[in-house]
Amino acid sequence: MMPKIHTIDLHFLTNRSIAAYVVESSDGPILVETGPHSTYERLTEACKALGFSMSDFRHVLLTHIHFDHAGAAWAIAAHGAKVYVHPLGYKHLKDPTRLYNSAKIIYKDQMETLWGIMKSIPEEQLISVAHQTSIQIGEHKWTAWHTPGHARHHIAWQLDSQVFSGDVGGVLVGDGPVVPPCPPPDIDLEAWKESIDLLTGLNLEALYLTHFGKVGNVVEHLQELEKILWDWALWIKDKMEQGLSQEDMVATFEAYDRDRLVSNGVDSEALKSYSVANPARFSVAGLARYWEKKVKT
């Protein structure tokens, strides 16, 4: 019997920018991704509409620890839930001080407005999950696939023939094209290709993207993701070799990406969702850092 999966739009700054997923099970509802703490009230209301209170959740599965995916995990853990995370993300949920303060350097006085607050999760409620580990929750078996490329601490969670792909499966809004989220500091194109190959080999029926929703044409989707990932990366490399400043590169890249989205039929509302889910300045910074590290090695 196929699991019942509910998609929750967390309405982060706009519609269809961040999703959380509720999967029903005999051991209570399971939450995949929590979104940021700033949308916790929206998450609570949406779960209530499904008939669940936050204390009903005993299991929270995170793809990685970026704020848009895991920022509210501590608030659900406060109700007693166990939180499953990549081993490299474990320490940052146990003590998020360094993670939060590093982000605050970027977001400054907007940090709390955008992302909310982040508190520690007790060690006894954190589960570090190794690659290919299978976890039984109620009638469902979940398999954790370590899938670096977007982040070193990334897990794609497989449930039957479906995968909750976090960011390694890209960003897609509505009928638009898939694009790769490439923020610093961990972008690794070779690792991302290996992760795409891994997912392609799983014979999946669907991906559930955190940004945003269910995708059925898995192989075609992943092939297009890899193509655009390298297209973006080589575009950035070319502009770096031309000596463009990162500031000028952002403006030029934003126009380059926007033109491609519009040519693929993306309307103004969806353009905003793409922009919120995958800001151009972060992809420029992440891919530039990738090439800078390649030069050093």
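These notes cover the structure that comes with them.

Here is what the cut-offs are and how they apply
- One numbering rule holds for all chains: residues counted from 1, following each sequence as written.
- In view of the model being predicted, local features appear only for residues whose pLDDT reaches at least 70, and side-chain atom pairs are presented and counted only at 80 or more, with totals across whole chains, interfaces and linings using the full set of residues.
- Hydrogens are left out, water is left out, and the side-chain values use all remaining heavy atoms of the structure.
- Axes here mean lines fitted to C-alpha atoms, for a helix over just the part in contact, with angles spanning 0 to 180 degrees between N-to-C directions.
- What counts as a helix is a DSSP run of H or I of at least four residues, what counts as a strand is a run of E of at least two, and both are numbered from the N terminus.
- Small angles under 35 degrees read as roughly parallel and large ones over 145 as roughly antiparallel, with 65 to 115 read as roughly perpendicular and the rest as oblique.
- Crossing chirality is assigned from the near helix's rotation relative to the far helix, an anticlockwise turn below a right angle marking it left-handed and a clockwise turn marking it right-handed.
- The contact rule is simple, with two residues in contact once any of their heavy atoms fall within 4.5 Å.
- Only Asp, Glu, Lys and Arg are considered charged in this grouping, and only Ala, Val, Leu, Ile, Met, Phe, Trp, Tyr, Cys and Pro are considered nonpolar; every other residue, Gly among them, is considered polar.
- Strands were regarded as paired on the criterion that DSSP finds at least two bridges between them.
- Think of it in three bands: with a 1.4 Å probe and only protein chains considered, a residue is buried below 20% of the maximum accessible area for its type, exposed above 50%, and partly exposed in between.
- Distance and chemistry together define a polar contact, namely a pair of N or O atoms within 3.5 Å, with one atom able to donate a hydrogen and the other to accept it when in protein, and with adjacent residues in sequence counting only for side-chain atoms on both sides.
- As used here, the term nonpolar core means buried Ala, Val, Leu, Ile, Met, Phe, Trp, Tyr and Cys residues forming a set that is joined through side-chain atoms within 4.5 Å.

### Focus: the packing of helix H9 (residues 246–263) against helix H11 (residues 280–296)
Then, in step 1: One way to put it is that H9 packs onto H11 with a least axis distance of 9 Å and a crossing angle of 125°. By the angle between their axes, H9 is oblique relative to H11. In terms of crossing hand, the pair formed by H9 and H11 is right-handed. Only Ala280, Arg281, Ser283, Val284, Ala285 and Ala288 of H11 make contact with H9, whose side of the interface consists of Gln246, Met249, Val250, Phe253 and Glu254.
Then, in step 2: Considered class by class, the residues forming the contact of H9 with H11 number seven nonpolar, two polar and two charged.

### Some thoughts on the environment of leucine 202
Then, in step 1: Residue position: leucine 202 is located in the loop between helix H7 (189–200) and strand E11 (206–209).
Then, in step 2: Put simply, leucine 202 and tyrosine 90 are 112 residues apart on the chain and 26 Å apart in space, counted from C-alpha to C-alpha.
Then, in step 3: Setting aside anything within four residues of it in sequence, one finds leucine 202 in contact with Trp145, Gln158 and Val163.

### Observations concerning the sheet that holds strand E4 (residues 59–61)
Then, in step 1: The sheet built from six strands is open, its strands ordered E1-E2-E3-E4-E5-E6 with mixed pairing. Here the strands that pair on one side only, and so sit at the sheet edges, are strand E1 (5–9) and strand E6 (126–128). The mean angle between the axes of side-by-side strands here comes to 25°, regardless of whether they run parallel or antiparallel.
Then, in step 2: Bridge count between strand E2 (residues 19–23) and strand E3 (residues 30–32): three bridges; the pairing is antiparallel. When the sheet's bridge partners are listed, valine 22 is paired in E3 with leucine 31.
Then, in step 3: Contacting E1, E2 and E3, helix H1 (residues 40–49) crosses the sheet at an angle of about 145° to E1.

### Description of the sheet that holds E11
Then, in step 1: With mixed pairing, the six strands of this open sheet are ordered in space as E7-E8-E9-E10-E11-E12. At either end of the open sheet lies a strand with only one pairing partner, and these are strand E7 (134–137) and strand E12 (213–215). Each neighbouring strand pair of the sheet contributes to a mean axis angle of 25°, computed without reference to strand direction.
Then, in step 2: By the bridge criterion, three bridges tie strand E9 (residues 155–159) to strand E10 (residues 162–166) in an arrangement that is antiparallel. Residue pairing in the sheet places tryptophan 157 in a bridge with phenylalanine 164 of E10.
Then, in step 3: Sheet strands touched by helix H8 (residues 218–241): E11 and E12. Its angle to E11, the strand with the most contacts, is close to 55°.

### Details of helix H10 (residues 268–277)
Then, in step 1: Here H10 has its buried residues at Ala270, Leu271, Ser273, Tyr274, Val276 and Ala277.
Then, in step 2: Taken together, the buried residues of H10 touch H9.
Then, in step 3: At the N-terminal boundary of H10, the capping side chain belongs to aspartate 267, with an oxygen 3.3 Å from the backbone nitrogen of glutamate 269.

### Things to note about the side chain of threonine 143
Then, in step 1: Here threonine 143 shows up in strand E8 (residues 140–146).
Then, in step 2: Polar side-chain contacts of threonine 143 include one of 3.2 Å to the side chain of serine 134.
Then, in step 3: What threonine 143 contacts, discounting residues up to four positions off in sequence, is Gln132, Thr133, Ser134, Ala156, Trp157 and Gln158.

### Details of the packing of H8 against H11
Then, in step 1: For the pair H8 and H11, the least separation of the axes is 9 Å and the interaxial angle reads 75°. Between H8 and H11, the interaxial angle falls into the category roughly perpendicular. Taking contact as the criterion, the partners of Trp230, Trp232, Ala233, Leu234, Ile236, Lys237 and Met240 in H8 are, on H11, Ser283, Val284, Leu287, Ala288, Tyr290, Trp291 and Glu292.
Then, in step 2: When its residues are assigned to classes, the contact of H8 with H11 shows eleven nonpolar, one polar and two charged.

### With respect to the nonpolar core
Then, in step 1: Grouped together as the largest cluster of nonpolar side chains are 44 residues, with contacts concentrated most on Trp192, Leu207, Ile236, Tyr274 and Leu287.
Then, in step 2: Residue assignment for this core shows that the elements contributing at least two residues are H7, E11, H8, H9, H10 and H11.
Then, in step 3: Take this core: its biggest share by element is nine residues, from H8.
Then, in step 4: Look past the residues within four positions of tryptophan 192 in its chain and what remains in contact with it is Pro148, Gly149, His150, Asp167, Val168, Pro180, Pro181, Cys182, Ile187, Leu225 and Leu229.

### Re the environment of valine 83
Then, in step 1: Relative to the elements of secondary structure, valine 83 occurs in strand E5 (residues 82–85).
Then, in step 2: The class for valine 83 is buried, based on a relative accessible area of 0%.
Then, in step 3: Taking the C-alpha atoms as reference, valine 83 lies 26 Å from glutamate 194; in sequence the two are 111 residues apart.
Then, in step 4: In this structure, valine 83 is in contact with Val60, Leu62, Ala73, Ala77, Leu93, Ile121, Gln125, Leu126 and Ile127, ignoring residues within four places of it in sequence.

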